[in-house]
Amino acid sequence: MTDDRRATPNAEEVHLFVERMAMAFAEVGFPRMAARVLFAVMSADEPLTAGEIGERLGVSAAAVSGAVRYLTQFGMLLREPVPRSRRDRYRVPDNPWYEATITKTGIYKNFIDVATAGVDALHGPATPGGERVAEMRDFFIFVQEEIDALGERWRARRAATGHPGDPAKGDRQ
């Protein structure tokens, strides 16, 4: 006889996980409430409303509002309407780490474009300031190329480990 029931996670252990991960993310500059919300939603079996997130974290739904706005902006959370309600539910997309680190790296292109204009304004790398700005631009070009290559390697690894679909296209697992 097999038991088809899912194991129920220990609520206290899940809470400790959420808080420890939030602290680890906060230590590297990620907003702490956003991290708490992210890991509360990530650890849930189903999408959660702002009120449910607040209950899990012991904060008000209003305190959750800014965090979900921040996380949805970066593709770390998805907002879904609750049918016949004015409320929304939040869930983690299939590939949040890919989305946040690989596809949302337009920041580097912006840095490259602004630095290129800076090099031009400084009359090229022939001046000390121009040389420093050119070095910064070249570094960001390198970072962008490495991120692109990293994305390719990640897609290959996902496919090799049995995770079908292309995370760049948002294909579901």
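Residues numbered from 1 in each chain as written. Predicted model: local features only at pLDDT ≥ 70, side-chain atom pairs only at ≥ 80, totals over all residues. Heavy atoms only, no water.

### Thoughts on the pattern of salt bridges
Side chains that differ in charge, positive against negative, can pair when their charged atoms come close. What the rule picks out here adds up to seven salt bridges. Measuring nitrogen to oxygen at the nearest pair gives 2.5 Å for the salt bridge that ties E80 to R91. In this pair, E80 sits in strand 2 (residues 78-81) while R91 sits in strand 3 (residues 88-91), placing the two residues eleven residues apart along the sequence. Among the ionic pairs, K109 bridges to D113, the shortest N-O distance being 2.8 Å. One end of the pair, K109, and the other, D113, are both in helix 6 (residues 106-121), four residues apart, so they sit about a helical turn from each other. Through salt bridges with shared partners, a single ionic network connects E19, R32 and R36. (Salt bridge = Lys/Arg side-chain N within 4 Å of Asp/Glu carboxyl O. Helix = DSSP H or I, 4+ residues; strand = E, 2+ residues; numbered from the N terminus.)

### Re helix 4 (residues 61-73)
In a regular helix each residue adds 1.5 Å, so 13 residues correspond to 18 Å; helix 4 covers 18 Å between its end C-alpha atoms and thus fits that length. Taken as a whole, helix 4 has its buried residues at V64, A67, V68 and L71. Next to the buried residues of helix 4 lie helix 2 (32-42), helix 3 (50-57) and strand 3. With its phi angle positive at about 75 degrees, G75 sits one or two positions after the end of helix 4. (Expected span 1.5 Å × (residues − 1). Buried < 20%, exposed > 50% of the residue type's maximum accessible area, 1.4 Å probe, protein only. Contact = heavy atoms within 4.5 Å.)

### Describing the pairing of strand 3
Inspection of the sheet shows strand 1 (residues 48-49) paired to strand 3 by two bridges, in the antiparallel sense. When the bridges of strand 3 are listed, T49 appears paired with R89. Pairing analysis gives four bridges linking strand 2 to strand 3, with the strands arranged antiparallel. Note on strand 3: the bridge partner recorded for L78 is R91. Adjacent in sequence and paired antiparallel, strand 2 and strand 3 are bridged by six residues, among which R84 carries a positive phi angle near 55 degrees. (Pairing = 2+ DSSP bridges.)

Any link to function would need more than the numbers given here.
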